Amino acid sequence: MPRPWRAVLDEHTVTALRTAGEGASAQVEHVEATDAEGRFQRIRGDAYVPALGSVSPIFAAPLGIRLPIYPAKGYSVTLPVKDESRANQVSLTDDEFKLVYSRLGDRLRIAGTAELNGYDRDLNRVRCEAIVRRVEDVFPGAGEGSEAQFWTGLRPATPSNVPLIGATRVANLYLNTGHGTLGWTHACGSGKSIARIISGLKPEVEFSFSK
Ligand SMILES: Cc1cc2nc3c(=O)[nH]c(=O)nc-3n(C[C@H](O)[C@H](O)[C@H](O)COP(=O)(O)OP(=O)(O)OC[C@H]3O[C@@H](n4cnc5c(N)ncnc54)[C@H](O)[C@@H]3O)c2cc1C
């Protein structure tokens, strides 16, 4: 009988993965975490999947697992639609500026660019303004640039943009990370595949899963 799902533990911060055993018999024994009030916890499971985005390598390294994942900062700009007739209706890719234009009802969202600058998530004003200018060039009068809102996020990028999914040499530790620019696109397929791998089943897609 499969065990029922445990409750999701929101607002917990993982501080370490602790292993027991050596070499081929090494296993993750528990995860150390703190809850929202800062209380220390040890959390145990049957299998462990560090899905920690660009910080995954920091948690894998002490276990002797080197993950080639690097934070690639991307920008997202959201502005109100000013003139419906001039705004895009469907998602468009601007290859020259590496931007994707999406329509979210009465807002335009433009996301893209890649900045390799460690874990820093600060907004670079020059980049923000360049994106707003580009939107005005491509769709003049479509959006209200003066009301633009800016955000940055770190993509967990691998050199090939191919994610790391599958088993590791630590028996109960699995990977589902490093999705780079396509984490949303690949989320469901990756999740289903790693669930099948952990369950001892073959994934349904032809892909070079980690072993
Ligand atoms: C501007 C921008 C635009 C994008 N556009 C697209 C797109 O159009 N299509 C697409 O497919 N993808 C897109 N992506 C990429 C996508 O967002 C990523 O690939 C995806 O978010 C990676 O998912 P993840 O869960 O592996 O990592 P993350 O989304 O980075 O999630 C990691 C999570 O781990 C948590 N965490 C970190 N450390 C700890 C800790 N110590 N304890 C507990 N939790 C922790 C973080 O808070 C975070 O919630 C875009 C990314 C950016 C930045």
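Positions within a chain are numbered from 1, following the residues in the order the chain's sequence is written. Predicted model: local features are reported for residues with pLDDT of at least 70 only, side-chain atom pairs are reported and counted for 80 or more only, and whole-chain, interface and lining totals are derived from all residues. To get the side-chain values, all heavy atoms of the structure are used, and hydrogens and water are removed first.

Inspection of the region around the ligand gives 21 residues, with V14, G180, T181, G183 and T185 positioned closest. Identification of polar contacts relies on pairs of N or O atoms within 3.5 Å, with a donor-acceptor requirement for protein atoms, meaning one able to donate a hydrogen and the other able to accept it, and with residues adjacent in sequence counted only if both atoms are side-chain atoms. Here a nitrogen atom of the ligand and a backbone polar atom of V14 are 2.8 Å apart. Here T181 contributes a backbone N or O atom positioned 2.9 Å from a nitrogen atom of the ligand. Accessible surface is estimated by sampling points in the Shrake-Rupley manner with a 1.4 Å probe; for residues, cover comes only from the protein chains shown. Protein chains bury 63% of the 1,000 Å² of accessible surface belonging to the ligand in isolation. Counting residues per element, the ones that place at least two in the shell around the ligand are β1 (13-20), β4 (70-80), β8 (149-157) and α3 (183-198). Near, as used in this document, describes a residue that has one of its heavy atoms within 4 Å of the molecule or strand being considered. Runs of H or I in DSSP of at least four residues are treated as helices and runs of E of at least two as strands, each being numbered from the N terminus.

This part covers α3. At any given residue, the bend is defined as the angle formed between two axes, one fitted to the seven residues that end at that position and one fitted to the seven that begin there. Maximum bend of α3: about 35 degrees, positioned at G189. Relative accessibility decides the category of a residue: with a 1.4 Å probe and only protein chains considered, values under 20% of the type maximum give buried, values over 50% give exposed, and everything between is partly exposed. All buried positions along α3 are accounted for by S190, S193, I194 and I197. Next to the buried residues of α3 lie β9 (164-167) and β10 (174-177). After α3 finishes, the residue G200 shows a positive phi value of roughly 80 degrees. Only heavy atoms matter for contacts: two residues are in contact if any of them lie within 4.5 Å across the pair.

Attention shifts here to the sheet that holds strand β2 (residues 27-34). Paired strands, in this sense, are two strands between which DSSP finds at least two bridges. With antiparallel pairing, 3 strands are arranged side by side in an open sheet as β1-β2-β3. With partners counted over all chains shown, the strands left at the sheet margins are β1 and β3 (40-43), one partner each. Across the sheet, the axes of successive neighbouring strands diverge by a mean angle of 25 degrees, strand direction being ignored. In this structure, β1 lies alongside β2, joined through 7 bridges in antiparallel fashion. Within β2, the residue paired with A16 across the bridge is E32. Angles shown run from 0 to 180 degrees and are taken between the N-to-C directions of axes, each axis being a line fitted to C-alpha atoms and, for helices, limited to the stretch in contact.

The next point concerns the domain arrangement of the protein chain. Many structure descriptions define interface size as the accessible area lost when the parts assemble. Where each domain starts and ends follows an automatic or database-derived domain assignment. For the protein chain, the assigned domains are domain 1 (13-69 + 159-198) and domain 2 (71-157). Distance from the C-alpha centre of domain 1 to the C-alpha centre of domain 2: 31 Å. With 11 residues of domain 1 at the interface, the matching set in domain 2 holds 6 residues. When the two sides are added together, the surface that domain 1 and domain 2 hide from each other amounts to roughly 660 Å², 62% of it contributed by carbon and sulfur. Take a side-chain nitrogen of Lys or Arg and a carboxyl oxygen of Asp or Glu: if they are within 4 Å of each other, that pair is a salt bridge. For the pair domain 1 and domain 2, the number of links is 0 salt bridges. Joining two parts hides part of their accessible area as seen by a 1.4 Å probe, and the buried area is that hidden amount summed over both.

On to the layout of surface pockets. Quantified by volume, the second largest pocket comes out at close to 930 Å³. Here a cavity is any set of points on a 1 Å grid over the protein atoms alone where a 1.4 Å probe fits but cannot get out, and a pocket is any open set with protein on both sides within 12 Å along at least 5 of 7 lines; a residue lines the site when it has an atom within 4 Å of a point. Forming the boundary of the second largest pocket are 32 residues, of which A111, R155, G180, T181 and W184 lie nearest the centre. Among the secondary structure elements, those contributing two or more residues to the lining of the second largest pocket are β4, β5 (92-94), β6 (99-104), β7 (107-115), β8 and α3. When residues in the lining of the second largest pocket are grouped by element, the largest group, 6 residues, is from β8. Grid points are joined across faces, edges and corners, and a volume is the space filled by probe spheres set on the points.

Quick look at the pairing of β3 now. As judged from the 4 bridges shared by β2 and β3, these two strands associate in the antiparallel manner. Paired with V31 across the strands is I43, a residue of β3. In textbook terms, the turn of a hairpin is the stretch between consecutive antiparallel strands, and for β2 and β3 this stretch comprises 5 residues, one of which, G38, has a positive phi near 85 degrees.

The subject of this paragraph is the environment of E136. Within the secondary structure, E136 is located in helix α2 (residues 125-138). When sequence neighbours within four positions are dropped, the list of residues in contact with E136 reads G141 and G143.

The backbone of E11 shows a phi angle near 55 degrees, a positive value even though the residue is not glycine. Secondary-structure assignment places E11 in the segment before β1. One non-glycine residue, N161, lies in the positive phi region at around 65 degrees. Its location among the elements puts N161 in the loop between β8 and β9.

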